[in-house]
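Survey of secondary and tertiary structure
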Amino acid sequence: MLKLRKHISTIFDHNNTKDKSFRSFFVEVPLPFHCLMKKILVAPLNWGLGHATRCIPIIEALLSHRFVPVLASDGAALKLLTKEFPELDAIELPSYNISYAKKGERFKLKMLQDSPHLIKTIKREKAATKAIVKTYNIEGIISDNRFGVRSKKVPSVFITHQLRVLSGSTTWLSTALHQKIISKFTECWVPDQENEPNLSGDLGHQAGLDIPLKYLGPLSRFKKSSTPVLYKLMVLLSGPEPQRTMLEEKLLGLLEDYPHPCLFVKGCIEAQQNVTTRGNLTIYNYLTTEMLESAINSSELVLCRSGYTTVMDLAKLEKKAFFIPTPGQFEQVYLAERFLDLGIAPCASQDDFELEWLNETKNFTGFKAFRETPDYSKLFHLFEGK
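What you see is a predicted model; the values in this text were computed from it and never measured.

Conventions we followed
- Residues numbered from 1 in each chain as written.
- Predicted model: local features only at pLDDT ≥ 70, side-chain atom pairs only at ≥ 80, totals over all residues.
- Heavy atoms only, no water.
- Buried < 20%, exposed > 50% of the residue type's maximum accessible area, 1.4 Å probe, protein only.
- Helix = DSSP H or I, 4+ residues; strand = E, 2+ residues; numbered from the N terminus.
- Pairing = 2+ DSSP bridges.
- Polar contact = N/O pair within 3.5 Å; in protein donor to acceptor, adjacent residues only side chain to side chain.
- Contact = heavy atoms within 4.5 Å.
- Axes fitted to C-alpha atoms, helices over the stretch in contact; angles between N-to-C directions.
- Salt bridge = Lys/Arg side-chain N within 4 Å of Asp/Glu carboxyl O.

All right, on to the pairing of strand E1 (residues 38–44) then. The element E1 is largely enclosed, with a buried count of seven among its seven residues. Along E1, one buried face is formed by Lys 38, Ile 40, Val 42 and Pro 44 and the opposite face, lined by Lys 39, Leu 41 and Ala 43, is buried too. Inspection of the sheet shows E1 paired to strand E4 (residues 138–144) by six bridges, in the parallel sense. By the bridge assignment for E4, Ile 40 is matched with Gly 140.

Here it is in structure tokens:
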């Protein structure tokens, strides 16, 4: 345990030596070269951290293919991306201010109540995008679930794993509305495999859609490595409030006397990284990409939400997991039950979960990696123009 903690601290200290100001990427390349580089706006939704983290490999690929990403989001998602890419320009977009009801069964009602605000925010987002495209000379857009970040003047991509949006009895309506929004973009990129086996199941695979689709294969910022197991359990929290805090408080109570080394990551992106210890618990508010990759690789079991980005990360690292889906979020419930039925990972509701249920994981296979990787050269050809 001490070895990993020292490794994590070393990485963080190294990251702190970097210039955190918004330096121009252009100063690091010759003038004739950067004049030819096209700027691509990358805008993930700030709903948990998953949309931002799965954009990290896309941002890295844009840089390696000689594009200049311009980051745009709000809240924790924007904070995370600016910590990962301090050299890139970052723009704050209007906030959706998405939060969950305290009771899962009120999720749909809460979303309905918030819909007037969401519509206004999308309109503001469109206006902001228009100004950004003009001001920054943007020549392409990649929007991860931000409905208003698109332009008729440049190729605009929408990233989603939800071609079918589950909402109980209103699934037909939520799906139709979502597909109508997607159709306004130039292309839709689905972070999954087109054929079996795949991760998203019915969410990302719908026949007969009149939408230009491209399947990327699962996206993850991580790489698998063979490292000694230093933690029996890793708790990895994410998602909007108040449900993130509610699960954090429950699990900290249950793990108070946990007899094995346990790493607990709250998923709170704050100005400073903090670490505390309680018995066998090592608790961080957040970990950067490199630190989190090392931590998951060094953990025997991951206890987490069944958010799709987390699922893709677990598949890439071939981990065993136990899922607690966010109450009321139909997508996470579907994914948790899907992997239960496939014999990959057990799950439990937030209210019912007990610590001894973790023993069930010995009867499940865990995730296996998908070897398919995106062909970014073909994907980015969309932005080449004439």
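On to the side chain of Glu 125. Tracing the chain through its elements places Glu 125 in helix H6 (residues 107–135). The class for Glu 125 is buried, based on a relative accessible area of 0%. A distance of 2.6 Å separates a polar atom in the side chain of Glu 125 from a polar atom in the side chain of Tyr 96. In terms of polar contacts, Glu 125 uses its side chain to reach the backbone amide nitrogen of Gly 148, at 2.8 Å. Ignoring anything within four residues of it in the chain, the contact list for Glu 125 reads Pro 94, Tyr 96, Arg 146, Phe 147, Gly 148 and Val 149.

Strand order in this open sheet of six strands is E10-E11-E9-E8-E12-E13, and the pairing throughout is mixed. Bordering the open sheet on either side are strand E10 (275–278) and strand E13 (320–323), each of which pairs with just one other strand. Put simply, the sheet's adjacent strands are angled 20° from each other on average, direction ignored. Summarising the sheet, strand E9 (residues 262–265) and strand E11 (residues 281–284) pair through four bridges and their orientation is parallel. Across the sheet, residue Val 265 finds its bridge partner in E11, namely Tyr 284.

Further remarks concern the pattern of salt bridges. Scanning the model with the defined rule gives nine salt bridges in all. A salt bridge links Glu 187 to Lys 214; the nearest nitrogen and oxygen atoms lie 3.1 Å apart. Of this pair, Glu 187 sits in strand E6 (residues 187–190) while Lys 214 is found in strand E7 (residues 213–215), placing the two residues 27 residues apart along the sequence. By relative accessible area, which is 28% here, Lys 214 ends up partly exposed. For the salt bridge of Glu 241 with Arg 244, the shortest nitrogen-to-oxygen distance reads 2.8 Å. Overall, the relative accessible area of 6% leaves Arg 244 in the buried class.

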